[in-house]
Amino acid sequence: MADTLFERATNSSWVVVFKALVTTHHLMVHGNERFIQYLASRNTLFNLSNFLDKSGSHGYDMSTFIRRYSRYLNEKAFSYRQMAFDFARVKKGADGVMRTMVPEKLLKSMPILQGQIDALLEFDVHPNELTNGVINAAFMLLFKDLIKLFACYNDGVINLLEKFFEMKKGQCKDALEIYKRFLTRMTRVSEFLKVAEQVGIDKGDIPDLTQVLLSRILNDLKSRDDSEKSPFKDCEIDEPAPNSLMETLEQHLNTLEGKKPGNSSGAPSPLGKSSPATTPNSTPARSIDTSPPLDLFATSSTAAPVSASKPSSDLLDLQPDFTSSPSQAAAAAPAGATSWGDAFAASPGEAPAAPEGAAAPATPTPVAAALDACSGN
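Residues numbered from 1 in each chain as written. Predicted model: local features only at pLDDT ≥ 70, side-chain atom pairs only at ≥ 80, totals over all residues. Heavy atoms only, no water.

Colleague: What is the right way to look at helix 6 (residues 133-162) in this model?
Modeller: Each full turn of the α-helix corresponds to 3.6 residues, which orients residues three or four apart in the same direction. For helix 6, spanning 30 residues, the distance from its first C-alpha to its last is 44 Å, which sits close to the expected 44 Å at 1.5 Å a residue. Counting buried residues in helix 6 gives 22 out of 30 residues, a clear majority hidden from the surface. Taking the backbone nitrogen of Val-134 as reference, a side-chain oxygen 3.1 Å away marks Asn-132 as the first, capping residue of helix 6. (Helix = DSSP H or I, 4+ residues; strand = E, 2+ residues; numbered from the N terminus. Expected span 1.5 Å × (residues − 1). Buried < 20%, exposed > 50% of the residue type's maximum accessible area, 1.4 Å probe, protein only. Polar contact = N/O pair within 3.5 Å; in protein donor to acceptor, adjacent residues only side chain to side chain.)

Right, here's the structure in full:
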């Protein structure tokens, strides 16, 4: 019978080919298991990747879904060949196959299951494209498969999370990637289920995956027998995905890899090795001048003594010394200095010093000064 269906699938009419695929799918789900065993043992199944019915516009549209549908049936048979069982037929729940599978086999089985779900979701049909009974029958079979596959997927994720803290570093990394892909596929599955709701499938048959499933997973993990020692006991349940659960898994993986919480790469920060001398804002320590303030309006005889500190010899210090005043520099200079204004400047309130051996000029009286001003001298 399988050979007859393969022969019918080589027809050029999209109606004949589509019906052959729907019949094959129906037998894989509801028929004897020997049928799917025979399909899995074949080297080639449906070679319809280039199928195109040019008889009309409707043929062009349906040819796209025939190619996608045949790809899913090939993937379904290929999964059976690798696992020796059909994911849609195995027992599910607490005592199911995926919940009781050992970690080594579970890590190999989950990518196979993910591949089959991806092939199903690639059918990607919209409600306005379900225009005839053949494609509607195919969509219903795909919808029922998706519910069973995702329930199996859910059991595998729960089993993976329960054994996550008992795995080795490499296994934990693979398990975390599988969990991240699970969250991504939840969005695509929800979109597929929305299409099922729009075409008239009863809402009671459609699970609300986005709001219930992950919270139910976390509840199962927190309600185990050893819940007091469970690493998930402090995780909070938030919608649609428990972020605290993801943080717990990533923190455990970072611990196994020896990474610090603040540095995801595990490498020391380049700023931690910089010395204070190379820091742009660091300057050499300076001594603070504690001498009393200088009165700029006092005469030289009454000015307070100033400490003549030795200038700093730090040539690399580019900051000016704002603590020293011009008067301090003048006091620190040796006698007889020849810098501008130093040898000839007189202190405020004093007359210029007369040269040695010369008579000091007489100070004019106020009356004489007035007469000189009037006479123009």
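The structure having been displayed, the exposition proceeds.
Colleague: What is the right way to read unusual backbone geometry from this model?
Modeller: Backbone phi values are negative for most residues with the exception of glycine, while trans is the configuration of most peptide bonds. Here Ala-84, not a glycine, exhibits a phi torsion of approximately 65 degrees, which is positive. The residue Ala-84 is located in the loop between helix 4 (57-83) and helix 5 (103-121) in this model. Taking the relative accessible area as the measure of exposure, Ala-84 reaches 59% and is therefore exposed. At Asp-124, a position not held by glycine, the phi torsion is positive, near 45 degrees. Structurally, Asp-124 can be placed in the loop between helix 5 and helix 6. For Asp-124, a relative accessible area of 43% corresponds to the partly exposed category.

Colleague: Help me understand the packing of aromatic side chains, please; the structure alone is not making it clear to me.
Modeller: To describe a pair of aromatic rings, one takes the distance between the centres and the angle between the planes. Across all of its chains, the model carries 11 aromatic pairs by this definition. Ring plane angle 65 degrees and centroid distance 6.0 Å describe the contact between Tyr-69 and Phe-123, whose orientation is recorded as edge-to-face. A residue pair is termed long-range when its members are at least 10 positions apart, and Tyr-69 in helix 4 and Phe-123 in the loop between helix 5 and helix 6 qualify at 54 residues. Neither Tyr-69 nor Phe-123 differs from the other in exposure class; each is buried. Aromatic side chains Phe-139 and Phe-192 sit 5.2 Å apart centroid to centroid with 25 degrees between the ring planes, which places their arrangement in the stacked category. Pair noted here: Phe-139 is in helix 6 and Phe-192 is in helix 7 (residues 169-198), with a separation of 53 residues, a long-range link. Assessed through its relative accessible area of 2%, Phe-139 is described here as buried. An aromatic cluster of three or more residues is present, and its members are Phe-18, Phe-65, Tyr-69 and Phe-123. (Phe/Tyr/Trp six-rings, centres within 6.5 Å; stacked < 30°, edge-to-face > 60°.)

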